[in-house]
Structures are given as C-alpha cells and as structure tokens.
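Structural overview for review
Now for the letters of each chain:
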Amino acid sequence: ILHPPCFSWCIRFCLSFKRVDSRTIYVGHRSCPANEAFIPPKFCDNRIVSSKYTVWNFLPKNLFEQFRRIANFYFLIIFLVQVIVDTPTSPVTSGLPLFFVITVTAIKQGYEDWLRHKADNEVNKYPVTVLEDGRRIRKESEKIKVGDVVEVEENETFPCDLILLQSSRDDDTCFVTTASLDGESNHKTHYTVPDTEKDLESLNATIECEQPQPDLYKFVGRMHIYKNNREPAVRSLGPENLLLKGATLKNTQKICGVAVYTGMETKMALNYQGKSQKRSAVEKSINAFLLVYLCILVSKALVCTTLKYVWQSKPGQDEPWYNEKTQREKDTNLYLKMFTDFLSFMVLFNFIIPVSMYVTVEMQKFLGSFFITWDKDFFDPEIKEGALVNTSDLNEELGQVEYIFTDKTGTLTQNNMEFIECCIDGFQYKYRDASSELDGFCVTDGPVNKLQQKEREELFLRALCLCHTVQVKEPTEQRVDGEVLQTSEALRGFIASSPDEVALVKGAMRYGFTFLGLESKTMKILNRNNDVEMYELLHVLNFDPVRRRMSVIVRAISGDTLLFCKGADSSIFPRVRQEEVERIRMHVERNATGYRTLCVAYKYLSAEEYAQADAGLREARLALQDREQKLMAVYNQVETGMSLIGATAVEDRLQEEAAETMEALQGAGMKVWVLTGDKMETAKSTCYACRLFQRNTELLELTVRTLEDGGRKREERLHELLLEYHKKAVQDAPPVKAAVTRSWSLTNQDYGFIIDGATLSMVLNSSNESNSSRYKNLFLQICQNCTAVLCCRMAPLQKAQIVKMVKNSKGCPITLSIGDGANDVSMILEAHVGIGIKGKEGRQAVRNSDYAIPKLKHLKKLLLAHGHLYYVRIAHLVQYFFYKNLCFILPQFLYQFFCGYSQQPLYDAAYLTMYNICFTSMPILAYSLLEQHICMEVLLDNATLYREIAKNAMLRWGPFLYWTLLGVFHGLLFFFGVRYLFSNPALQDNGQVFGNWSYGTIVFTVLVFTVTLKLALDTRHWTWINHFVIWGSLAFYVFFSFFWGGIIWPFLRQQRLYFVFANMLSSVSAWLVIILLILLSLLPEILLVVFRKPRGPHARQVEPKHTDTLTFPLCFTTFLPLFLDAVLHIFVVKRGWLLLFSIMYFSE
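Predicted model only: the values in this text are computed from it and were never measured.

**So, the sheet that holds strand β8 (residues 204-210)**
The strand order across the open sheet built from four strands is β1-β8-β9-β10, with neighbouring strands paired in antiparallel fashion. Because the sheet does not close on itself, it has two edges, and the strands there are β1 (22-26) and β10 (233-237). Neighbour-to-neighbour, the strand axes of this sheet turn through a mean angle of 20 degrees, independent of strand direction. Summarising the sheet, β1 and β8 pair through five bridges and their orientation is antiparallel. The partner of Thr24 across the bridge, within β8, is Glu208. Contacting β9 (221-226) and β10, helix α15 (residues 607-622) runs over the sheet at an angle of about 80 degrees to β10.

Below, the structure is given as structure tokens:
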C-alpha cells in the first residue's frame, strides 16, 4: 500500500514520462506540498559550450574532417602508395606538402576553437548570486541548476533563463534590454508572477512549462503556488515573465528569478548555430577542373605504362646485360607488376593535382575578408560600426550576383517613423493645420456637428494614447540654485519595440493628448484641458503578423470598459460596420501611395461581454497545449462589432542614397526584386522613389484585385493573365543584348511585375499539379524579362520560396538576399549570399547573414568594387595554379620517352617538395590579395564593368582551355629547348658533360623564373609586398639551390644535386638557354599586352591612382618589348655575332 504523498508523486512521475513536451520545476528545490517526497529532476548544468573540440578529441576529429575532403584523401592515398610500393620518388615529396596543408588548416581551426573556449570560460566562470536557505551565496555561473533562485542587479546580464519572481520596483516590473539577443536596444517591460510571496524563503511553488525551444518570443507555462494546505493557486506564465540569458537588467536595482532553462537549453544557446555551408561557383569550377586534370593524370600513367611494356617486349629491352632481373622479379605476376608500375607513374605525375591550392584559396578568402572589415567607407558614425564578415567562403560570390532580393521596411526605407496626418470620420488633420476641415475627397450627409466631431477627435486621440505597449522614459530634472526647473513635455522620451508606436504617441501629443505612463496597471493621460485621465489596463491583446492588429481592454474611472484596436486596413475593415468604412477607405488608399497607414477602432464592452472575454483569456493563458490557437480564438471573438474612428498616416523615409544604389545595381546587370509584407500601394510608391519603376515602365499586376476583375473563377483568370503577360513581356519583347542597360534601350518597353502573397500561393500551390508547374514556369519567365519585380503582402516563408525558385531555375543564377529584420532571415539563409543590415528591427538578420553592412548604400561598393576584385583575384589564382602545375609535370612526362619509361624523376626530391610550398606560393597569394586590375573608383563609376565577369566568365571552359594550352606550350618549350642545348654534351669549359640532374635543374630553373615572371606581367597594381614576394621568391630559389647543393647533408643516403647548380651556372651555354627560354616563353604574353587594343569604358585608366604604388614593373613591360625586338633583330634578321658564336660553340 502506497502512502498518499508517494502515490501522488508516482502518478506525476508516470505522467512526466507520458508527456515529454513539458517539464516540472521545484522553486528553490523544495517539494510541493511540503509533505510529499522530493526527488530532484535531472536537467543539464549551466555550462555554455560553443567550442568544437577538446584537448583529447582535437587530433582525431580534425584529421577525420580534413581527410573527408577528396583532395586531401587523394594525396594521403598517394603518400601511402609511396610508402608501400617501390616508387621513383620519395614519400617525402607527397607527405611534406600534405603535412603542410593539414598542419596549417589544423592550426587555423584550432586557434578559432581556442577563441571559442576562451569566450565560453568567460561566461561560465562569471560570478552570480544564488539564494539558498535564506543566504546569498556567490557561485560561478556554470554551477547554477534548474530551480535555483538567482539574484541579478542592475546592468548585469541574466546567467540563464529566469522566471521573474520579485522586483525592487514598486509596480512589480523590471526593464530589460535584449541587444545581445536580437539587437533591440529599447527597454522591454517584464512582470513578476502575481500573488508570489515577498519572502521567497517561504515560497512553495512548482512551475510547469514547455520543453526548451529556440523561439525568443514564445514561452508557455503555469505556476502552482501552495499556501497552508489550501488548493494551489495557478498563475499563467508567458514571455512577459521570462528573462532570457544574455539580456541585461536596466532601470531596476535588482530582481530575483527562478532558473527554468540552463546551459545549452537556454533560448540563446538554442539560437546559436553555425553558418550553413554554402558552396561558391568558384569551388564548383575547381572541382570540375580537378576532374579534368585527374583524367589527364590517369591518361599519362596509362600511356606510360602501356608504352613501357610495348618497349620492353622488343628483344633485349626487357632485360639488358647491365640490368639483369633477380629471381624474385622474374617470379612476380605480370599483371601485378603492371599495376605496380601504373601506381608508380601515378605517383610520379601526381603533382599535376595542386594540393597546396586548397590551403592558398583558404588563406586568400580568410585574409581577403579583412579588407571588407577594414574599409572605412563602410563605417557608420551613427551606430559606430562598420561592415561585418560572418562567412569568408563567399567573397568571390559577391562578384557574380545576378538577382537581388531586398526587403522594403528598414532596408530600402529608414524605419524611422514620423507622424504625418490622420483622418477622423472623414476629416483630415495635419500638424501644420490643427483645426479640422472637411476633406474634399469625402462625402458626408448633412452639416457637420462640431460638438460631436470634437468628441470623436478626443476618442481617437485617447485610442492612440492607450492602444500601445510604449514605455515612458522620464526627462532628467534640471536644478538651478537648488530649485527644480519644470521640464518640457516635449523632452519626454518614449521606448517601444516598434518605432511606429512611438510615432503615433508623439502624434497624439501634437494634438494635445500626452501619454504619462503606466503605473501599477494604471495608464495616465494628460488631455487638452491639462486634466489627468486614468484608465485601468485590464488586458493587452498583443500584435502578431497573422492578425495584423493589436488591442487593449481598459476601464475608465466612470466604470465603462472599452476595447481599443489598431491595425492594417485589411484586418480592421471586416470587423467594423461597412457604412463607416466608406468614409475612411479613400483616405487610406490615398495615403498608402507613400505612407504606412493604420486604422483605429473601438468598442464598448458590457459587463457580460467583458466577463466572458476575461474568462476566455485567463483560461487560454493557462493552457500549456495550443495556447496560441486558443488565444487567437478569444481575440477574434472579442474583436468583432467594433466602430471605426479613423486612420493614421506615418512616413517611413528612404534610406540614404537608396535610389542611386538601386540604379547602379541595375546598371550592373542585376535584377532587383522587392519582397515585402506591406501593402501594394505603399510598396509601389517606394519602388518608384528608388527608381526601380520608371515613368515609362508598364506595370503587369497579378493580385487578388486583378483576378476578381474578370468576373470569372480565380484559377481561370490567373491562367489568362499569365498567358497575356507572357506574350507581352516574353514572346513579343525584342531580344536584349547583355551589354545594353535600361538607360540605353529607350526604344524597348520596360516592364515591372507586381504580385501579392495570396496570388503567389495560387501560383506555387495550385490544386492541379500540372497547372502548378506550368504557372510557375510562366511566372518565372515573365519575372526574368522584367526590369524589377515587386512582391507585396509576403509571409517570411513565401520570401524564401521565391528565392529558392529563382535559385533553382535554369542556369542556376547567383542570388543575394538583403534585409534587416527577423522576417528576412528565411530568405537570407536561402540565397547564395545573405546580407544583413544593422537596422532598427533587431540583429536577427545580421546574426544569420554572411555579410552585414550598416546601410543599404554600402551594398554598391561591396558588390561593384570588392565583389568584382575578389572574383578576378581568385579566378586568376585558380587558373594560375593549374597552369603552373601543368608546366611543372609535362616535362616530367616527356622525360619518360627518353629514359625507357623507367619512372626516373626529372627533378630532385627537394624541388618536387618545395615547388608549390615555397618557390611559387607567395607571389600568387600576394596577387590574389592585393591585385586591382581596375581601381575601385573606376569600378564604382562604371557599373557596366560588373557585366564583364558575370556568369563565372573567367572560370569557364574557354579561359581554362587557354591556360591549359599555355601550360602545354611552356612545358614543351622548357623540355625541348633544354634538350636542344644538350644535343652537344660538352657544355662546360673543361669539357665535362652535364648529367640528367643538370638537365632537370635547368628545366626547373626556367620553369620557376617563367611562371613567376608571368605573374609579374599579369600584375597591374604593384605594392612593396608584390615586389618583396616576387623578387624574393626568385632570390630564395637561387639561394636554396646553392645551399642545398653546396653542403653534404649527413641524413641523405644519396645527394643528387651536390654542386650541380653551381656547375650549371658556370656554363655560358646554360645561361644563354635559360635567358632565351624565359624570353621566348613570355614573348607571346608580352606581345599580347603591348598590341592588345584597350576596350571598354575603363580603357582610359587601368593603372591605379594611388601615388604610393611602385610602377617599375609597368615600365618594365613597356620597354622590354623594345629590348626583345632589338635582340631578335640581331639574332634572326642580321644573324649577329652572338648567334654565330653560339653555333660555333655548339659545333666544337
């Protein structure tokens, strides 16, 4: 037989297993009721862990992640083959570059993770105050447990998610800023749980709430308060009672709260997520080029393996007298030997795959991202912040954008609201003319009753003063000679989560009604007669984007209960009497062309109506399951049968240089789509102001209004309009050349497309699957042929759907989304590149973006200048890497035809190892960071230059084929040029001959100098860093060759290059062939630079304007052709003495 307390605990224990979507918390770890057995539930501790590795798992986990990359895994296999199989090259040649790449990447990732560990420790070791048994105990933050009562003082951050139990303020509230969570610096009001004990030591309570979930603005729970063996009191808990970890306490001396979510279960931790891995077009091109070079590698190995056995099939070639086979070699299986030889050739030629390119590309992206952060033009003095780079992997993608999807409010506009005018019962009111006058747009029956109109005015202004969530920030007192001066009411500050609420309260102040604040559930208003009116705040029906309205229920001193409601016209008009709508509708439609409009309504509630609404609201707020749906049902029930009073018009001004920015982006060939939740008229006026729509632009409208015009079914009308617009914008439109901008094609008709959310749902989610696909294709083709597209009344999910639809369309165009609010996060994450604006709607967009900028105007330089240069730099880097490795390996392949396919390496192992790591890596890295083939001023002035690199122009198969053929040409020239020199074996003054290592060293010397000077010829923007790395790399190669070959190294079993380099340079013939081959290799490039005619608008200026850059190489490229012309004239035309001397020398 179970004791009753134990029995009840067992039931609750079993239920907790059944209902896993909620948790029970014991406040202060005390059992409730006190006679029940208490077993503390297990929750996670308060440690925050954002790091990826630990000391113990760093090495295996990091190595596993790195070898998941195909290139790293490939080189690991090659290294293992070299270790296991008898290959012609040392395992060091593959192992050392691979080790270098793995080590550099591991150090970078380890350092980043160490920074995360450091940040975690700062948070976890932060001292906090916990109340235990009536004592205040200082603990480290990580030791807080769920159920602990925590004390937080002013300006401290909350160490975990707390339910507010007690506040030092008299009205049982506290003020909080959540800037670290969502960027909102406004003070938010939070409320204590009603009926809690003042002495928390005697509080016996349990909290039942939902399991942790990441939504910052949602919380559902209830609190059971036990007193003296009576029935427990139940109080609802919502977001207004929850203090989030990371938020800061303001204007409140101290608070006490109970921990409900700790550590990685707090909302802040659940919102922390690594940025999604987005692959750039350049990375996809690299993978495609790698496949081509891998095929070349396999082909070379197959050709050499086949020719080896064909050659050895001839008599005497398989086993010459000087190289007889051992018995073990004779007994080896032929096919196994062929496979081993194939692997050996793969190892010999594997350097054609540039493993070091990956680490160079990664360093280029990481270091290059700092140029965006350091750009002073991106610094905004208002917020004292500059640009932010969250993802450096997409720098080059900024130069490939084809579609821009932008939010309107806060992105194109400032989200800085100003009250312009209002309309009350058909009368228009403006600040410059406070007296009412009959508006000519409205028709009224009979004369105007002045007294009645005055009552309506005051009712409207009271609604503005009461229907909001604004907090009053009192002005500071000024004292002179000990006396307090009366401060002006105009200095009174208001704090709200939405700027348009502050604008409406300030607008009411202009007409004589001032909101004084909220004290102990009492709202105070100062009316025109300077009398203070007081209203008891009974309920707030919060705003949400589905209802698009908010309401308050208040009780006046007279005892009347009123409901005031404000919201969008589409949500208010169906809930008021239709005869009232006609007096206001024309004002709303007129003001909607440039302003944000809200309609205001009210309703008197009888005692029975209020009692029913109050009971419904309280019951819904206590629900743990489906609380939002139940609240929505009560809201919709009480917000019916209202009377419409009037409407307001608030202006949201354009962002600085918004029109110029949009015009420049369109001139660069980008299509701009505006995705907004605002009304069509407001959004359309913004598009005209931003010059997305011009006066001659023909607007193609596909909205609910146009679907209802035909008097037929919406589905049929939708199909008809889509076909009509498709014929007009696509079929009948003349083909537009890619280089022609809108401003130059005035003969062609420009089209703009407008669609709303309801119609878009019909297009994307038609009842018929085949129709849906057809509608989507028609819609997409129409939009792609329009200069700008406006999508209004969009839900956040629809924004993401549109971006995804365009992103996955034919050609896979590169998309960019830009926004400033939480409703833009979905489209920012969906696009190839996401840009967040540090605006007034929080920092959710910034946190989830790839790049963040303070203002819209900065997007122009980010794309047209930085994006252009980033793409050109990394495209050149990729092509150059494949080119120089092809130059490197082709002579090795050709050498096999002259050494009996014996897998004899042409280069020394040191050269094989150092070529990509030291000799040729730094110049291309410096080029990819600093190059400006066109200076930024010209790029910004000529937006059409952006078109020249569009659609991955520099990494297409055409440029790739050019670089490949150039590499083949240089490789052939290097090998056969040196072979021609070696046709006379006696190349030294003493008659000694050069060996095969001298041959390879001469080829390698020509190779290093040629590929480095080729990069010098390509460089247009010279700095001291370019000079240092280019000439320094060549000097280092010479120094290393002397040093490596001039010392006997005890750890080497054989030293192939001992004094080879020094002997080589002692030969005049070697000097001559090295210089000639370098000049001949670079001659086509030099002639191309000299004789290529400048084209395009940037032809006037390809040199940078900076005066501190060094221009010696530019002069070098100017005078070198003249020098070459003279030399070639002597050599070829007049057959001068130098050529004659060389021929005589070779014939001796």
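Picking up after the structure, the text goes on.
**Observations concerning the nonpolar core**
Ranked by internal contacts, the top residues of the largest apolar core, which has 101 residues, are Val878, Phe888, Tyr907, Tyr911, Ile1002, Phe1004 and Leu1007. Here this core takes 18 residues from helix α26 (residues 858-895), the largest share from any one element. When neighbours within four sequence positions are excluded, Ile1002 is seen to be in contact with Val978, Leu981, Phe982, Phe994, Met1064, Ala1070, Val1073 and Ile1074.

**Let's talk about the pairing of strand β25 (residues 532-544)**
Sheet topology places strand β24 (residues 522-526) next to β25; five bridges connect them, and they run antiparallel. By the bridge assignment for β25, Thr522 is matched with Glu536. Hairpin geometry of β24 and β25 is characterised by an intervening segment of five residues between the two adjacent antiparallel strands and by a positive phi of about 60 degrees at Asn530. Sheet topology note: the β25/strand β26 (residues 549-556) ladder contains seven bridges and is antiparallel. Considered in β26, the bridge of Asp544 is made with Arg549.

**Some points on α15**
In this model α15 runs 22 Å from its N-terminal to its C-terminal C-alpha over 16 residues, within 8% of the 22 Å that 1.5 Å per residue would give. Along α15, the positions that sit buried rather than exposed are Tyr610, Ala613, Asp614, Gly616, Leu617, Ala620 and Arg621. Mapping the buried residues of α15 onto a view down its axis gives an arc of 165 degrees, with all of them on the same face. Of the exposed residues in α15, the ones pointing more than 90 degrees away from its buried face are Ala607, Glu608, Gln612, Arg618 and Glu619.

**Points about the confidence of the model for the protein chain**
Considering every residue of the protein chain, the mean pLDDT works out to 79; 80% of them sit at 70 or more. Note on residues 1-19: pLDDT under 50 across the span, and 11 contacts to partners over four residues away in sequence or across chains. Confidence drops under a pLDDT of 50 for residues 433-448, and excluding neighbours within four residues, the segment shows 19 contacts in the predicted structure.

**Section: unusual backbone geometry**
Of note, Glu657 is a non-glycine position whose phi angle comes to about 60 degrees, a positive value. With respect to the helices and strands, the residue Glu657 is situated in the loop between β29 (643-654) and α17 (658-667). For Lys951, which is not glycine, the phi torsion reads 55 degrees and is therefore positive.

**Focus on the UniProt feature "binding site: Mg(2+)" (unreviewed entry) in the protein chain**
The residues that UniProt annotates with the feature "binding site: Mg(2+)" (unreviewed entry) are Asp407, Thr409, Asp820 and Asp824. A maximum C-alpha distance of 10.6 Å is found for the annotated residues, which run over 418 residues; spatially they form one tight group. Tracing the sequence through the fold places Asp407 in the loop between β15 (403-406) and β16 (413-424). Classification of Asp407 by relative accessible area gives buried; the value is 3%. Those residues in contact with Asp407 that sit more than four places away from it in its chain are Leu412, Leu675, Thr676, Lys799, Ile818, Gly819, Asp820, Asp824 and Met827. Of the polar contacts made by the side chain of Asp407, one reaches the side chain of Lys799; its length is 3.4 Å. With respect to the secondary-structure elements, Asp824 resides in the loop between β34 (815-819) and α24 (825-830). Owing to a relative accessible area of 0%, Asp824 belongs among the buried residues under this scheme. Excluding residues within four positions of it along the chain, Asp824 makes contact with Asp407, Lys799 and Gly819.

So, how was this worked out
- Residues numbered from 1 in each chain as written.
- Predicted model: local features only at pLDDT ≥ 70, side-chain atom pairs only at ≥ 80, totals over all residues.
- Heavy atoms only, no water.
- Pairing = 2+ DSSP bridges.
- Helix = DSSP H or I, 4+ residues; strand = E, 2+ residues; numbered from the N terminus.
- Axes fitted to C-alpha atoms, helices over the stretch in contact; angles between N-to-C directions.
- Contact = heavy atoms within 4.5 Å.
- Core = buried A, V, L, I, M, F, W, Y, C linked by side-chain atoms within 4.5 Å.
- Buried < 20%, exposed > 50% of the residue type's maximum accessible area, 1.4 Å probe, protein only.
- Expected span 1.5 Å × (residues − 1).
- Arc of directions from axis to C-beta.
- pLDDT = per-residue confidence, 0-100.
- UniProt positions renumbered as here; feature names shortened; annotations may be inferred.
- Polar contact = N/O pair within 3.5 Å; in protein donor to acceptor, adjacent residues only side chain to side chain.

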